[in-house]
Amino acid sequence: MPARPIPAVLPAAFLTAMLAALPAAARDNIQISGSSTVLPYATIVAELFGENFDHPTPVVEGGGSGAGRKKLCEGVGEGTIDIANSSSRIKQSDIDLCTANGVTGVMEVRFGYDGIVFAALRDQPDFAFTPADWFRALSARVVRDGALAPNTARSWDEVNPAFPRHEILAFIPGTKHGTREVFDHNVLLAGCKETGAYDLYADAVQGDDDAKKKEAETRCLDLRTDGVAVDIDGDYTETLARVRANPAGIGVFGLSFYQSNTDRLRVYTMNGVVPSVDSIASGEYPVSRPLFFYVKLAHMGVIPGLRDYVTFFLSDEVAGPDGPLADYGLVPDPKLHETQALVAAERPMEPLSQ
Amino acid sequence: MTDTTAAPAFRGASLTEPDARTRRRNAAERRFRLLGVGAVAIGLVALVILLGSILNNGLSAFRQTYITFPITLDAAVLDKQGNRNPEEMKKVTTIGYGKLMQQALLDALDEQGIDKGDLTDKEIMALLSKEAPADLRDAVLADPSVVGQTIPVNAFATSRLDGYLKGRVTMESATRDANISPEQLQLADRMEAAGLIEKRLNWGFLTRPDASELRPEAAGLGVAILGSAYMMIVVLVLSLPIGVAASIYLEELAPKNRWTDLIEINIANLAAVPSIVFGILALALFINTWGLPQSAPLVGGLVLTLMTLPTIIIATRASLKAVPPSIRDAALGVGASKMQAIFHHVLPLAMPGILTGTILGLARALGESAPLLLIGMVAFVRDFPGAPPQGLLDPASALPVQVYTWTQRADPAFVERASGAIIVLLVFLLTMNALAIILRRRFERRW
């Protein structure tokens, strides 16, 4: 509950006078916040929604998945947001925060997938990567003669004899990005297991299987710190700028960003699969992640248009294979109709399984 | 005397021939001059590079490619009931208008005898902005009487085609571009020759709202300019009276003691506090405690007021101080009260300085983005805020923040628009600074 202004100082007195002059009006626009990966999709839907419905265009803000979920869980009421966009699944800590603040019914909506691609400038040599190549290039320790040794590779031909002689330089998302989790899990960890480093790490640990697994998974994600792997904490435009300044570098981008910049960037295959909307939807291309938004059910029917917006977002003409979101690079969810049913029933999400 | 041994060297030195020491001193002076010129030159070069790159990137944002063709607004599609009732006509979505437009564009190509090549209808339609059907729908709903007539439409071309006419996209880059093909550009060449495509001045850049990544060609600064204007009004209305009242009290009436010294030091310190700190304060106080809405120009204005106040107070106090004491003494001497002396004599004389300080403070507030990021003004806002005072609580954007959001977008067309927005912001700032200079020149009095 907002506290009454305290007219302690002159500005407060001015403000009280100004506020008194304002007729109190209920909020009639939807407020959305969260992931900057989901932001372009949400703005596209918001724009179409504002155009075709009688409701105002929703106000969409970026700021990051975690920040968005935290804002969603601040409480119920007009002063809080209605939807949090998220490029990773909600965490137990968020749900606990929600419960503590009285936000009980939260609906989880998965609306599609985002591919994560490796790309460099157009004039760079060709590579056909596997997760193992990336692990050997960027990991702090690699397997040499059956034992773990510090990674000293400087050139891609040291990583894989089939590759050309080319300096190793990678611009990867920083640790606060949702993209990094996918990179860690689907590329580094997969490569770690493939090269046998995982087993070596696990064998070195005393204890039960759980402890071994945990330790090995953490060690697998250790990156070299000699400047070969560069964390980018900004967005993909920053990654692109860094790649343009260091043409030898290879950047990690979202599929949609790459598709907007195909005239400058060339994309590399992973396990021999070219990343595209089709190859990601079929699951052939291994590096992808689901995109979500979380809806506060207590605001349904209170904030005008919220129900319409969610239904419209999930409709076949928007989130389907021929919709504007797929045009922009969203990989449509093959199980979209299940999500549509969930939205129609306004079913709150189940407790997290882990 | 330590220099007795050195003294003989000076004896008999020529006045016209500089000796070694004089030459050294002269050389040092020349070096210093050169350093100074160099420093100024570095500054100028930096300015030229900055302005040059902004103008080079951004000037093209003010011109936009349009496709012009006639369209017959078929009543059977747009108004099935036939009673021209906008409420019922709203059922036809932009998708319906899009189909109508596609047909009209194809008909126009056939009529002009333009070879469509091997392009599909969808690829031809892709030359048009996705904003075009929405604009047409708005126009029809605003004036239902046009249904059934044939009207000319001026639709934006898609940003890639626009980039082609501006030289950003080439035939060569189009072969690699997923969003446009060389065949589409060849068709565009033929359409341009037939006069269907034209590059014109785009007022929409200043008047239209922001747009999503699928239609960068339609993005404009309208909401941002209006939001910035609202904030400046709030800043002016709040900070001028508060700032001037505080300065008059501190300068003319307050006793000089420890407390006023403390206040003075704090004001001077506040003027140097990083602006993001004010943003954090605003988030905690205005939004979380007072419950004011996010993204509202009122909240933005309040933050910027807090940020501008110290600047205004310092400027006002300086100009009050510059009024000679003899003016006050004369007024008091003929029997004016202290308040009459201040309001009838001191304040009018100090006014040019106060206004200059206020305008410079406003200019700084106009270019400020950091505190606005924290209070939700970085959002994607497409609806114009209403008229004040209610509109002060509607969501809006701000000019510097719009620059920030556009530089983060993936589509290369937004680079041009971000630079265009910087140009607009610079023009506003230059105007305000010029106004401050003119005021100072015209009304300043020297004693």
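Residues numbered from 1 in each chain as written. Chains lettered and ligands numbered in written order. Predicted model: local features only at pLDDT ≥ 70, side-chain atom pairs only at ≥ 80, totals over all residues.

Undergrad: Let's hear about the overall build of chain A: which residues, and what values?
TA: Counting its secondary structure elements, chain A contains 16 helices and 14 strands. For the C-alpha atoms alone, the extent of chain A along its principal axes is close to 75 × 45 × 45 Å. For chain A, with 354 residues in total, the buried portion stands at 44%. The long-range share in chain A, meaning contacts at least 24 apart out of those at least 6 apart in sequence, stands at 72%. (Helix = DSSP H or I, 4+ residues; strand = E, 2+ residues; numbered from the N terminus. Buried ≥ 20, exposed ≤ 12 C-beta atoms within 10 Å, placed from the backbone. Contact = placed C-beta atoms within 7 Å.)

Undergrad: Could you give me a rundown of the overall build of chain B, with the residues and numbers involved?
TA: On a plain count of helices and strands, chain B comes out with 20 helices and three strands. A compact globule built from 447 residues would reach a C-alpha radius of gyration of about 22 Å, whereas chain B, at 32 Å, exceeds it by more than 25%. C-alpha extents for chain B along the principal axes are approximately 105 × 70 × 40 Å. Counting only residues that meet the buried cut, chain B has 41% of its 447 residues in that class. Counting contacts in chain B only where the partners sit at least 6 residues apart, residues at least 24 apart contribute 77% of the total. (Rg over C-alpha atoms; globule rule 2.2 N^0.38 Å.)

Undergrad: Tell me about the packing of helix α2 (residues 20–58) of chain B against helix α20 (residues 413–443) of chain B, residues and numbers included.
TA: Residue and element names in this part refer to chain B. Closest axis-to-axis distance for the α2/α20 pair is 7 Å, and the angle between their directions is 120°. One finds that α2 runs oblique with respect to α20. Taken as a pair, α2 and α20 cross one another with a handedness that is left-handed. Within the contact between the two elements, α2 uses I54, L55, N57 and G58 and α20 uses V415, E416, S419, G420, I422 and I423. (Axes fitted to C-alpha atoms, helices over the stretch in contact; angles between N-to-C directions. Parallel < 35°, antiparallel > 145°, perpendicular 65-115°, else oblique. Left-handed = near helix turned anticlockwise from the far one by under 90°.)

Undergrad: Go over the nonpolar core, please, and point to the residues and values.
TA: Looking at soluble globular proteins, one finds that nonpolar side chains tend to be buried together. Ranked by internal contacts, the top residues of the largest apolar core, which has 161 residues, are A:V45, A:F293, A:Y294, B:V299, B:V303, B:L399 and B:A421. Apart from residues lying up to four places away in sequence, B:V299 is in contact with B:A282, B:F286, B:I287, B:L292 and B:I375. Grouped together as the second largest cluster of nonpolar side chains are 38 residues, B:L105, B:Y164, B:L165 and B:A174 included. (Core = buried A, V, L, I, M, F, W, Y, C linked by C-beta atoms within 7 Å.)

Undergrad: Account for helix α15 (residues 297–322) of chain B, with residues named and values stated.
TA: All names here are of chain B. Relative to the 38 Å expected for 26 residues at 1.5 Å per residue, α15 spans 35 Å between its end C-alpha atoms, a close match to the ideal helical length. In the structure, α15 departs most strongly from a straight axis at T308, where the bend amounts to approximately 35° and where the proline P310 lies between one and four residues downstream. Among the 26 residues in α15, 22 count as buried, and that is most of the element. (Expected span 1.5 Å × (residues − 1). Bend = angle between axes of the 7 residues up to and from the residue.)

Undergrad: Describe in detail unusual backbone geometry, supporting the description with residues and values.
TA: Residue and element names in this part refer to chain B. Cis geometry is found at the peptide bond from P388 to P389, where omega equals 5°. Assignment of secondary structure puts P389 in the loop between α18 (370–374) and α19 (399–407). Positive phi, normally seen in glycine, also occurs at S295, with a value near 60°. Tracing the backbone through its elements, the reader meets S295 in the loop between α14 (275–289) and α15.

Undergrad: So what's going on with the environment of A:L265? Residues and values would help.
TA: Residues and elements named next belong to chain A. Relative to the helices and strands, L265 is located in strand β11 (residues 265–267). Take L265: there are 22 C-beta atoms within 10 Å of it, and that puts it in the buried class. The spatial distance from the C-alpha of L265 to the C-alpha of R122 is 5.1 Å, given a sequence separation of 143 residues. Among all residues touching L265, those that are not within four sequence positions of it are A119, A120, L121, R122 and Y258.

Undergrad: So what's going on with helix α13 (residues 258–270) of chain B? Residues and values would help.
TA: An α-helical turn contains 3.6 residues, so any two residues separated by three or four positions project in the same direction. Taking 1.5 Å of rise per residue, 13 residues should cover 18 Å, and α13(B) covers 18 Å from first to last C-alpha, within 8% of that figure. Counting buried positions along α13(B) gives zero out of 13 residues, so the element sits mostly on the surface.

Undergrad: Describe the domain arrangement of chain B, with residues and values.
TA: Residues and elements named next belong to chain B. Assigned domains of chain B: these are domain 1 (59–202) and domain 2 (222–443). The gap between the C-alpha centroids of domain 1 and domain 2 is 44 Å. Each partner contributes residues to the interface: domain 1 has six residues there, and domain 2 has seven residues. Its residues assigned to classes, the side of domain 1 that touches domain 2 shows two nonpolar, three polar and one charged. (Domains from an automatic or database assignment. Nonpolar A, V, L, I, M, F, W, Y, C, P; charged D, E, K, R; others polar.)

Undergrad: Would you mind going over the sheet that holds strand β2 (residues 150–156) of chain B in detail, with residue names and values included?
TA: In a beta sheet, neighbouring strands pair by backbone hydrogen bonds and run either parallel or antiparallel. All names here are of chain B. Overall, antiparallel pairing links the three strands, which are arranged β2-β1-β3 in an open sheet. The open sheet has two edge strands, β2 and β3 (197–201), and neither has a second partner. Neighbour-to-neighbour, the strand axes of this sheet turn through a mean angle of 40°, independent of strand direction. The pairing of strand β1 (residues 63–72) with β3 spans five bridges and is antiparallel. Looking across to β3, one finds that I67 is bridged to I197. (Pairing = 2+ DSSP bridges.)

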